[in-house]
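Chain residues, written in single-letter form:
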Amino acid sequence: MSAHPVAAKIVDKYRETYPASRERHQRLVKYIPGGATRSLSYFKPWPIHIDYGKGAHVYTHEGHELLDVTNAYGALVHGHGDPDVVAAVQAGIERGSQYSTPTDGQYRLAKLLCDRVPGFDKVRFLNSGTEATMFAMRTARAITGKDKILKMTGGFHGTHDCVAASTKKNVITAGIPAGMTADMLEVPFNDPVAAEKAVKENAPHLAAVIMEPFLGAGGVVLPEEGLLKRIREVTRAQGVLLIFDEIFSFRVDIGGCQNLYGVVPDLTTVGKVVGGGLPIGVLGGKAEFMNIYCHENTEKPLYHSGTFNGYETVMQAGFAAMTKYDEQTIADINAKGARFQKGLLASIADNGLNIQSNQIGSLLNIHFVNRPTIKAADVLESEEELHTLMHLSLLNKRIFNIPRGLFILSTKITDDEMDMLVGKMDETLKELLPLIQEKYTHLLL
Ligand SMILES: Cc1ncc(COP(=O)(O)O)c(C=O)c1O
């Protein structure tokens, strides 16, 4: 950590503000390596420990009320302890949580999703996004009889071996045998020429292209005009399946980004919000493809099983959450995202800064880069120290966001809280300004 007075002040204040979290971190680290059972949950000097959450807020063991703009990395869309989700789970769990048989809960959630998402005729339920993309790729390989998969640099599809070497900040290669990634190809996101070339050149061996409609974990990088359409056309023409990974992007539109952009893939994965805050992954697609799992008209359906697949309590939570995530609610939460973006851009300009804020719907990512972030490589240039300090400074001000500059809203945040958030961002940028003026002059207007 830099010894610059701005940095020292922010870190000292954090240390003073979160002593009970420190105690818990020291206690936990004895039993859980790193003191966090998820790599992303750890940050220096120690992560905050949350006692409970209610609505748009979380409460730490110090007794601080924080505005939560992480929303469990996007898994929560109605904030914490939403009464309808809680009631559905409570009513359901008394009748047993899982029976390992088909259930009405599975029917209700499957129907809701198929009614909404253009690319869904049929779905299968899994337990995480990671599992969903793993099965999407297996499905594409089984259907086409081909092995190679093309992904976009900066695209994140979970942590299974084939895709773990994902966003550059999140490159995991240790422990993965080379063979697992030998059939993975990669082109930059937002480079339709490179994507078309790769699809055409590899078509005889290429099972699928897997991509997020916009880079989510990779920095909320939006697709340039026509990108998705061009990739749809070339994959169709070349007999290659197109998989949209909408695990993150689904929340921005009633039918996901494929509805928003009017481009329908062959297979789609969703997750996160769809489970109402409980663990879920969903793989779906056109009937002609999903019927590979059909026991009735296929002699050897593709095997897909799992102890917790279609877990009834998850189905109930997901159905309750999605039922009230209707078109009007999505329009409202997206308007809050736009309000945040407007206020933040004004603050950035007022502070004389040349940095980026990318926003779509209820998702916003700030980047300390002095040109538009169009590719994963642009995002990687963002100044790490400023991200770290912004995150800690916001925590000092009782705002809990994702360290890499990502903000995820819930339907529970009020307009007043959005304006308060803009105000806190403005204070934080002002706090960082002397450091930027000294060390990061390329970020000044
Ligand atoms: C686009 C995308 N795909 C896959 C995943 C992995 O999902 P999970 O964390 O549920 O395994 C994520 C998680 O952030 C994601 O954003």
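Relevant structure appears above.
What you see is a predicted model, and the numbers here were worked out from it, not measured in a lab.

Q: It is not clear to me how the overall build of the chain should be interpreted in this structure. Could you clarify?
A: On a plain count of helices and strands, the chain comes out with 16 helices and 14 strands. The C-alpha radius of gyration of the chain comes to 22 Å, within 12% of the 22 Å expected for a compact globule of 445 residues. The principal-axis extents of the C-alpha atoms in the chain amount to approximately 70 × 55 × 45 Å. Taken across its 445 residues, the chain has 54% of its residues classed as buried. Considering only contacts in the chain between residues 6 or more positions apart, those separated by 24 or more positions represent 71%. Taken as a whole, the chain presents about 18800 Å² of accessible surface, with 53% of it coming from carbon and sulfur. The distance from the centre of the 46 positive side-chain charges to the centre of the 50 negative ones in the chain is 3 Å.

Q: Quick question: what am I supposed to make of the sheet that holds strand S7 (residues 206-211) here?
A: Strand pairing in a sheet relies on backbone hydrogen bonds, with the paired strands running either antiparallel or parallel. The mixed open sheet is built from 7 strands, whose spatial order is S4-S10-S9-S8-S7-S5-S6. Unpaired on one side and paired on the other, strand S4 (122-126) and strand S6 (184-188) mark the two borders of the sheet. Adjacent strand axes in the sheet meet at a mean angle of 20°, parallel and antiparallel pairs treated alike. Where strand S9 (residues 267-271) meets strand S10 (residues 281-285), 5 bridges bridge the pair, whose relative direction is antiparallel. Bridge pairing in S10 links Val270 to Val282.

Q: Mind showing me how you'd approach the site of the ligand here?
A: In the vicinity of the ligand, the contacting residues are Ser128, Gly129, Thr130, Phe156, His157, Gly158, Glu212, Asp245, Ile247, Phe248 and Lys272. A distance of 3.3 Å is found between a nitrogen atom of the ligand and a backbone nitrogen or oxygen belonging to Phe156. Summarising the interface, the protein chains cover 82% of the accessible area of the ligand, which totals 390 Å² for the free molecule. Among the residues making up the shell around the ligand, the classes are represented as 3 nonpolar, 5 polar and 3 charged.

Q: Even after reading the chapter, I still don't get the nonpolar core, so can you show me in this structure?
A: The nonpolar side chains of a soluble globular protein tend to be buried, and buried together. Counting residues in hydrophobic clusters, the biggest one holds 71 residues, and the most contacted among them are Leu113, Phe125, Val274, Val282, Phe340 and Phe407. For this core, the element with the highest residue contribution is helix H16 (residues 415-439), accounting for 9 residues. Residues lining this core come from more than one domain, with at least three contributed by each of domain 1 (5-77 + 326-443) and domain 2 (85-323). Among all residues touching Phe125, those that are not within four sequence positions of it are Gln106, Leu109, Ala110, Leu113, Ile280, Gly281, Val282, His304, Asn309, Gly310 and Met315.

Basis of the calculations
- Residues numbered from 1 in each chain as written.
- Predicted model: local features only at pLDDT ≥ 70, side-chain atom pairs only at ≥ 80, totals over all residues.
- Heavy atoms only, no water.
- Helix = DSSP H or I, 4+ residues; strand = E, 2+ residues; numbered from the N terminus.
- Rg over C-alpha atoms; globule rule 2.2 N^0.38 Å.
- Buried < 20%, exposed > 50% of the residue type's maximum accessible area, 1.4 Å probe, protein only.
- Contact = heavy atoms within 4.5 Å.
- Areas by Shrake-Rupley, 256 points an atom, 1.4 Å probe, with all protein chains shown as cover.
- Lys, Arg positive; Asp, Glu negative; His and termini not counted.
- Charge placed at Lys NZ, Arg CZ, Asp CG, Glu CD.
- Pairing = 2+ DSSP bridges.
- Axes fitted to C-alpha atoms, helices over the stretch in contact; angles between N-to-C directions.
- Near = heavy atom within 4 Å.
- Polar contact = N/O pair within 3.5 Å; in protein donor to acceptor, adjacent residues only side chain to side chain.
- Nonpolar A, V, L, I, M, F, W, Y, C, P; charged D, E, K, R; others polar.
- Core = buried A, V, L, I, M, F, W, Y, C linked by side-chain atoms within 4.5 Å.
- Domains from an automatic or database assignment.

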